[in-house]
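Chain by chain, the residues run as shown.
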Amino acid sequence: MLKIGDKIYYIDYEVSKTSYTIQSIYEVKDNSFMKSGTYYRIHADNCSDLSGYSQLPIENIDSKTGRFFSSQENAHERYKMERKNTDGMTNTHRKEIENVLKDGFIKEKNYEKVAEDLQHKLKITSLEESSINLFLYLDDMKELLAKEMTQRYDCLSNKKRNRIIYLCQNYYYLNLYLSGFLSDCNESHTVESADWLIKEYIHWLVTDKKVSMKRTSTERNKPSFGTFEQWCDFIEYYIQSRKKYCPKFIEISNILIKDADKRLENN
């Protein structure tokens, strides 16, 4: 059993450098929110003291299906095994994956449903494939689909392609957040504007070309405030804020809100 102050490493530590420190150890009796057992209260090392806390059952450390490990070596071995199994899954089920992608780019709002259906379809179907499908997590399937969908962007830097892969996997949630933000700023056509911003952000990642934010009388999909650079920063810092506290995301949000308020005052 680990003790207070010990480090815990996430499965992809060698890539993400995500680690945690045990803050306390406590017992829980079965209730509506948590099942009985011993838990670690952990804190993400890349977060400030104001955020990054979570609970983790002790049996999840170094377990066969767990994502947290007591040493960098254990995390590395499991990560290597998972990548190997994911690669094997890709080769074994290439035909099924290609069939899913035949209809073109998966509709973004149905992306997670497509991944879930494919995951269910590719679950263990025979003894020979059991080792390949043993680590077939939904997140792995979503990542696999995203990578297949973004092969045409292989020429980009890892950072840019990873951004596009992230947007494929999380398009719906970003669109939802953007739509809500635009609505709070009294914009109309918020869903269309959010969709336009995400796609133009991807286009900018690929081409480095910035688009004009000036709207014609028929263009309703462009937000009426903020520069293109500011919206790109908003999306970039939103992505960063999903993993750790990101003060720049708060800053760019306030800049855009002030710009929206100024526009309303002038109208």
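Asks: Just to check I follow, could you spell out the packing of aromatic side chains for this structure?
Replies: Each aromatic ring pair is described using two quantities: the centre-to-centre distance and the angle formed by the ring planes. Tallied over the full model, the rule gives 14 aromatic pairs. Members of the aromatic cluster, each reached through a chain of ring pairs, are Tyr177, Phe181, Phe225, Trp231, Phe234, Tyr238 and Phe249. The side chain of arginine 242 reaches across the aromatic face of tyrosine 177, ending 5.9 Å from its centre.

Asks: I'm lost on the environment of isoleucine 25 in this one. Help?
Replies: Mapping isoleucine 25 onto the fold places it in strand E2 (residues 19–28). Taking relative accessible area as the criterion, isoleucine 25 reaches 31% and is therefore assigned partly exposed. Separated by 23 residues in the primary sequence, isoleucine 25 and leucine 2 have C-alpha atoms spaced 9.1 Å apart.

Asks: Is there a simple way to explain helix H9 (residues 228–241) in this structure?
Replies: Taking 1.5 Å per residue as the helical rise, H9 with its 14 residues ought to reach 20 Å, and the 20 Å between its terminal C-alpha atoms agrees with that figure. Most of H9 is tucked away, with 11 of its 14 residues classed as buried. Looking only at H9, the buried set comprises Phe228, Gln230, Trp231, Cys232, Phe234, Ile235, Glu236, Tyr237, Tyr238, Ile239 and Ser241. Contact partners of the buried residues in H9: helix H7 (158–184), helix H8 (190–207) and helix H10 (247–266).

Asks: Would you take a moment to explain the confidence of the model for the protein chain for this structure?
Replies: Detailed reading of predicted coordinates is not advised where the pLDDT is low. In this model, the protein chain carries an average pLDDT of 78, and 72% of its residues clear a pLDDT of 70 or more. Of all the helices and strands in the protein chain, helix H5 (residues 130–133) carries the lowest mean pLDDT, 38, while H9 carries the highest, 93. Counting contacts from residues 102–109, a segment whose pLDDT is below 50, to residues more than four positions away or on other chains yields 13 contacts. When the criterion is pLDDT under 50, residues 124–136 qualifies, and its contacts beyond four places in sequence or with other chains add up to 25 contacts.

Asks: Quick question: what am I supposed to make of the nonpolar core here?
Replies: Side chains of nonpolar character tend, in soluble globular proteins, to be buried together. The biggest cluster of nonpolar side chains holds 34 residues, and the ones touching the most others in it are Leu167, Leu178, Trp231 and Phe234. Among the elements that make up this core, the one with the highest residue count is H7 (9 residues). Other than its neighbours up to four places away in sequence, leucine 178 contacts Ala194, Leu197, Ile198, Trp231, Phe234 and Ile235. Tyr40, Ala44, Ile61 and Phe68 belong to the second largest nonpolar core, which has 11 residues in total.

Asks: Mind showing me how you'd approach the sheet that holds strand E3 (residues 37–44) here?
Replies: Each strand in a sheet pairs with another by means of backbone hydrogen bonds, the pair being arranged parallel or else antiparallel. Read across the open sheet, the 5 strands follow the order E4-E3-E2-E1-E5; overall the sheet is antiparallel. For this open sheet the edge positions go to strand E4 (53–57) and strand E5 (68–69), each flanked by a neighbour on one side alone. Sheet analysis places E3 next to E4, joined by 5 bridges and oriented antiparallel. Residue pairing in the sheet places histidine 43 in a bridge with tyrosine 53 of E4.

Asks: Looking at this model, I keep getting lost on the pattern of salt bridges. Mind explaining?
Replies: Pairing is possible between side chains of opposite charge, provided their charged atoms come close. With the rule as written, the count across this model stands at 7 salt bridges. A salt bridge links lysine 3 to aspartate 6; the nearest nitrogen and oxygen atoms lie 3.5 Å apart. One salt bridge connects lysine 7 with aspartate 45, and the closest N-O pair in it is separated by 3.1 Å. Of this pair, lysine 7 sits in strand E1 (residues 7–10) while aspartate 45 sits in the loop between E3 and E4; the two residues are 38 residues apart in sequence, bridging distant segments of the chain. Under the relative-accessibility criterion, lysine 7 is labelled partly exposed at 37%. On the basis of relative accessibility, which here comes to 31%, the residue aspartate 45 falls in the partly exposed class.

Analysis parameters
- Residues numbered from 1 in each chain as written.
- Predicted model: local features only at pLDDT ≥ 70, side-chain atom pairs only at ≥ 80, totals over all residues.
- Heavy atoms only, no water.
- Phe/Tyr/Trp six-rings, centres within 6.5 Å; stacked < 30°, edge-to-face > 60°.
- Lys NZ or Arg CZ within 6 Å of the ring centre and 35° of its normal.
- Helix = DSSP H or I, 4+ residues; strand = E, 2+ residues; numbered from the N terminus.
- Buried < 20%, exposed > 50% of the residue type's maximum accessible area, 1.4 Å probe, protein only.
- Expected span 1.5 Å × (residues − 1).
- Contact = heavy atoms within 4.5 Å.
- pLDDT = per-residue confidence, 0-100.
- Core = buried A, V, L, I, M, F, W, Y, C linked by side-chain atoms within 4.5 Å.
- Pairing = 2+ DSSP bridges.
- Salt bridge = Lys/Arg side-chain N within 4 Å of Asp/Glu carboxyl O.

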